[in-house]
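The residues making up each chain are set out below.
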There are 2 protein chains.
Amino acid sequence: MKKEILEFRGGAALVCAASAVGKYEHEGPLGDCFDLHDSTDKFGMNTWERAESEMQRLAFNTALAKASANEREVEALFAGDLLNQCVGSAYGLLDFDIPYFGLYGACSTAAESIMLASVFVSAGYISTAAAVTSSHFCSAERQYRTPLEYGAQRSPTAQWTVTGAGAFIIRSEGRVRVVEAMPGIVVEKGINDASNMGAAMAPAAASTILRYFSVSGRSPEDFDGIYTGDLGFEGGSILCELLLAEGLDIRAIYNDCGMMIYSREKQDMHAGGSGCGCSAVVLASHLLPRLETGALRRILFIGTGAMMSPSSIQQGEAIPAVAHLVCLCNEKYRF
Amino acid sequence: MKKEILEFRGGAALVCAASAVGKYEHEGPLGDCFDLHDSTDKFGMNTWERAESEMQRLAFNTALAKASANEREVEALFAGDLLNQCVGSAYGLLDFDIPYFGLYGACSTAAESIMLASVFVSAGYISTAAAVTSSHFCSAERQYRTPLEYGAQRSPTAQWTVTGAGAFIIRSEGRVRVVEAMPGIVVEKGINDASNMGAAMAPAAASTILRYFSVSGRSPEDFDGIYTGDLGFEGGSILCELLLAEGLDIRAIYNDCGMMIYSREKQDMHAGGSGCGCSAVVLASHLLPRLETGALRRILFIGTGAMMSPSSIQQGEAIPAVAHLVCLCNEKYRF
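Residues numbered from 1 in each chain as written. Chains lettered and ligands numbered in written order. Predicted model: local features only at pLDDT ≥ 70, side-chain atom pairs only at ≥ 80, totals over all residues. Heavy atoms only, no water.

**Q** Explain the relation of the copies chain B and chain A to me, please; I cannot follow it from the model alone.
**A** Aligned on chain A, chain B shows an RMSD of 0.0 Å; the corresponding rotation is 180 degrees and the shift along the axis is 0.0 Å. Interpreted geometrically, this transformation is the action of a two-fold axis. Residues of chain B ranked by C-alpha distance from the rotation axis are headed by L103(B), positioned 2.0 Å from it. (Least-squares fit on C-alpha atoms with pLDDT ≥ 70 in both.)

**Q** Please clarify how helix α5 (residues 137-144) of chain B should be interpreted in this entry.
**A** Because an α-helix completes one turn every 3.6 residues, residues spaced three or four positions apart along the sequence face the same direction. Residue and element names in this part refer to chain B. The element α5 is extensively covered by neighbouring structure, given that seven of its eight residues are classed as buried. Where α5 is concerned, the buried positions are F137, C138, S139, A140, E141, Q143 and Y144. Residues of α5 that are buried sit in contact with α2 (48-66), β6 (129-135), β7 (160-161) and α10 (310-314). (Buried < 20%, exposed > 50% of the residue type's maximum accessible area, 1.4 Å probe, protein only. Helix = DSSP H or I, 4+ residues; strand = E, 2+ residues; numbered from the N terminus. Contact = heavy atoms within 4.5 Å.)

**Q** Explain the environment of A205(B) here, please?
**A** Residue and element names in this part refer to chain B. Topologically, A205 is positioned in helix α6 (residues 197-216). Expressed as a C-alpha distance, the spacing of A205 and A63, which sit 142 residues apart in the sequence, is 29 Å. When neighbours within four sequence positions are excluded, A205 is seen to be in contact with T228, L231, L239, T304 and A323.

**Q** What's the story with the packing of aromatic side chains in this structure? I'm lost.
**A** In total, this model carries 24 aromatic pairs over all chains according to the counting rule given. For the pair F78(A) and F120(A), a centre-to-centre distance of 5.1 Å together with 65 degrees between the ring planes defines the contact as edge-to-face. Highlighted residues: F78(A) in strand β4 (residues 76-81) and F120(A) in helix α4 (residues 109-122), separated in sequence by 42 residues. We classify F78(A) as buried; its relative accessible area is 0%. The exposure class assigned to F120(A) is buried, which follows from its relative accessible area of 1%. Linked through ring pairs, F8(A), F78(B), F101(B), F120(B) and Y125(B) together constitute an aromatic cluster. Here R218(A) stacks its cationic end above the ring of F335(A), 3.7 Å away from the centre of that ring. Residue placement shows R264(B) over the ring face of F233(B); its charged tip is 3.7 Å from the ring centre. (Phe/Tyr/Trp six-rings, centres within 6.5 Å; stacked < 30°, edge-to-face > 60°. Lys NZ or Arg CZ within 6 Å of the ring centre and 35° of its normal.)

**Q** Would you explain helix α6 (residues 197-216) of chain A in this entry?
**A** Residues and elements named next belong to chain A. The end-to-end C-alpha distance of α6 is 28 Å, a good match for the 28 Å that 20 residues give at a rise of 1.5 Å each. Where burial is concerned, most of α6 is hidden: 16 out of the 20 residues are buried. Downstream of α6 by a residue or two, G217 has a phi angle that is positive, lying close to 75 degrees. (Expected span 1.5 Å × (residues − 1).)

**Q** Any chance you could explain the nonpolar core here in plain terms?
**A** What tends to happen in soluble globular proteins is that the nonpolar side chains get buried as a cluster. Within the largest apolar cluster, 109 residues are counted, with the highest numbers of intra-cluster contacts made by F60(A), L239(A) and F60(B). Looking at this core, the element that brings in the most residues is α6(A), giving ten residues. When sequence neighbours within four positions are dropped, the list of residues in contact with F60(A) reads V74(A), L77(A), L93(A), F96(A), I98(A), A130(A), V132(A), A167(A) and I169(A). A17(B), A181(B), C257(B) and F301(B) belong to the second-largest nonpolar core, a separate cluster that totals 108 residues. (Core = buried A, V, L, I, M, F, W, Y, C linked by side-chain atoms within 4.5 Å.)

**Q** Quick question: what am I supposed to make of the interface of chain B and chain A here?
**A** How large an interface is tends to be reported as the accessible area lost when its parts come together. With 61 residues of chain B at the contact, the number on the chain A side is 61 residues. Together chain B and chain A conceal approximately 4800 Å² of surface at their shared face, both sides included; 62% is due to carbon and sulfur atoms. A per-residue breakdown of the area chain B buries against chain A is headed by Q85(B), Y91(B) and Y125(B), which together make up 17% of the total. Linking chain B with chain A are two salt bridges. Between R50(B) and E317(A) there is a salt bridge whose closest N-O contact spans 2.4 Å. Put simply, chain B and chain A have 26 residue pairs in polar contact (both at pLDDT 80 or more) between them. For the side of chain B that touches chain A, the element with the highest residue contribution is helix α4 (residues 109-122) of chain B, accounting for seven residues. Looking at side-chain class alone, the side of chain B that touches chain A contains 36 nonpolar, 13 polar and twelve charged residues. (Buried area = accessible area lost by both parts, 1.4 Å probe. Salt bridge = Lys/Arg side-chain N within 4 Å of Asp/Glu carboxyl O. Polar contact = N/O pair within 3.5 Å; in protein donor to acceptor, adjacent residues only side chain to side chain. Nonpolar A, V, L, I, M, F, W, Y, C, P; charged D, E, K, R; others polar.)

**Q** How should I be thinking about the side chain of S216(A) in this particular structure?
**A** Residue and element names in this part refer to chain A. By the secondary structure assignment, S216 is in helix α6. Engagement of the side chain of S216 in a polar contact is seen with the backbone oxygen of Y212, the distance being 2.7 Å. Side-chain polar atoms of S216 contact the backbone nitrogen of R218, separated by 3.1 Å.

Rendered as structure tokens:
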């Protein structure tokens with residue numbers, strides 16, 4: 001086994017996925033891809049937190065239906081979100097009688113959950129696992145920044161928390177293989193501006209990408225796309241610069257889920273999207289269908305998380321970040 | 001593979017552990033067991049959050065030293081705590097250049113982290129993993145309840161958050177084997193009193209224990225002890241009643257880490273200890289040494305977590321809970 005790379009030799013595949021999103025995500029350039037949306041962002045609930053939980057429930061239920069799977073077949077849930085104590089997941093998945101692993105990786109949680117589910121499935125511990133993550137603009141905004149009613153002006157480098165939940169069903173066989181993965185190391189490079197999380201997370205993404213290419217011996221030419229989630233426009237350009245300085249040019253195939261989900265021209269989202277739900281819904285409903293058809297043969301999906309809290313920012317701490325990498329291949333093109 | 005029980009056939013063992021605790025834990029009946037303590041609870045830091053992070057760093061460093069291990073040998077960290085966005089772990093383990101999986105399972109995180117580390121090691125993904133968890137009374141109190149200066153009166157059913165961090169080194173071979181594990185299912189039985197988390201968590205513990213004995217075919221006679229962490233006196237007695245109603249009597253060998261860590265006579269901790277750090281330090285420094293000598297041959301260690309947040313309580317939600325079970329055996333007495 002190559003050190004630091006998890007190889008899923010026993011087999012791991014994303015067999016199905018589903019997404020639920022809010023108004024702005026539905027109005028964005030990928031809007032037609034998503035399975036469910038609610039233009040009120042409330043999903044029939046009377047608090048934003050309940051709305052976020054409901055999105056998770058709906059996304060997971062839809063993924064189960066697409067996989068023609070019964071709740072009983074799923075032997076483990078790997079789930080997380082951005083809310084304090086991860087209540088989006090704990091309440092959202094409470095209806096399901098399935099063993100539950102709670103995760104916290106900030107916006108990297110989608111990649112982290114897929115990685116852990118793939119470990120369990122590939123090693124034969126279980127046959128079917130699910131990975132579910134979410135974020136909600138309104139629940140995140142009042143928790144991390146200010147009450148919505150305050151109407152605070154946003155910084156140009158600020159990202160917009162995506163209202164969305166993504167759910168993935170993982171089994172050992174399927175059209176889209178999780179071939180290998182590299183868990184991230186937490187890095188902190190002195191950025192302490194909570195309105196510029198892209199800058200805080202870009203070094204973590206660079207660290208994982210450089211380690212991956214170094215250890216695996218692969219190169220960007222082996223992939224049709226390298227997608228981070230979610231550095232946004234600010235962090236994405238910093239990442240490309242950091243990698244160029246190390247002699248690695250990924251610009252031709254690079255994109256970021258936070259740059260893809262909103263229209264920069266028509267929607268005023270500043271530096272792009274962010275949140276556990278952003279990379280989850282872009283992967284579930286935009287990238288995965290292209291991997292299934294072979295339009296994308298092989299991609300790297302890199303979840304990036306800023307691991308600070310409002311308290312740590314108030315206490316003057318810099319922002320630690322982590323980036324988890326997952327290599328996904330159409331089964332015909334796997335390594 | 002038996003459904004729902006993770007069997008670590010490839011081998012998983014707790015080869016070393018270490019703990020760091022605060023003043024009251026050191027003054028308690030297990031006080032002499034713990035590796036490090038600071039009677040100021042500050043560990044040389046100027047905020048409670050930094051103190052909690054520093055405890056994690058110290059506990060992990062001490063565990064590494066006991067294992068005569070180098071940081072480079074540890075291929076993955078599984079870590080979590082109670083603070084918003086799990087900053088205790090993200091900052092506490094930032095110094096280490098090791099892939100990091102962030103977890104959130106409330107007080108069940110110690111068991112969750114040991115379970116996940118054992119999966120990785122037993123399946124051969126990595127050779128050495130570490131599980132690190134913490135809680136701190138002062139950082140938890142102001143986050144979950146009221147500022148310390150407010151001096152709020154505590155309910156008789158309230159538990160006292162333990163100031164402590166525990167770290168475990170997991171490899172495939174060792175004197176104390178992680179034989180099998182059962183991840184918990186989130187359950188919610190209508191308890192919405194945040195001052196009585198024992199009552200909220202007891203049904204989750206009962207659910208996992210009943211499932212475990214039912215699926216494994218084992219019985220309480222197979223074990224020298226069944227330890228929950230942390231139901232406290234209130235939750236512990238409810239658990240025994242719930243199990244008795246199902247025909248299972250574990251009282252002769254039952255104890256709870258939250259009942260063990262403080263003296264009920266000499267220390268005014270109401271319903272006992274709680275927090276990610278409680279079960280971690282009791283396992284690391286009290287139970288594990290007894291498993292190593294064979295004084296305890298086989299035990300069940302059941303981490304119990306209440307998955308609510310202050311917001312969810314304010315919004316009137318009941319408290320969901322989860323209980324993760326790990327079966328630990330001295331290598332001479334493993335199943």
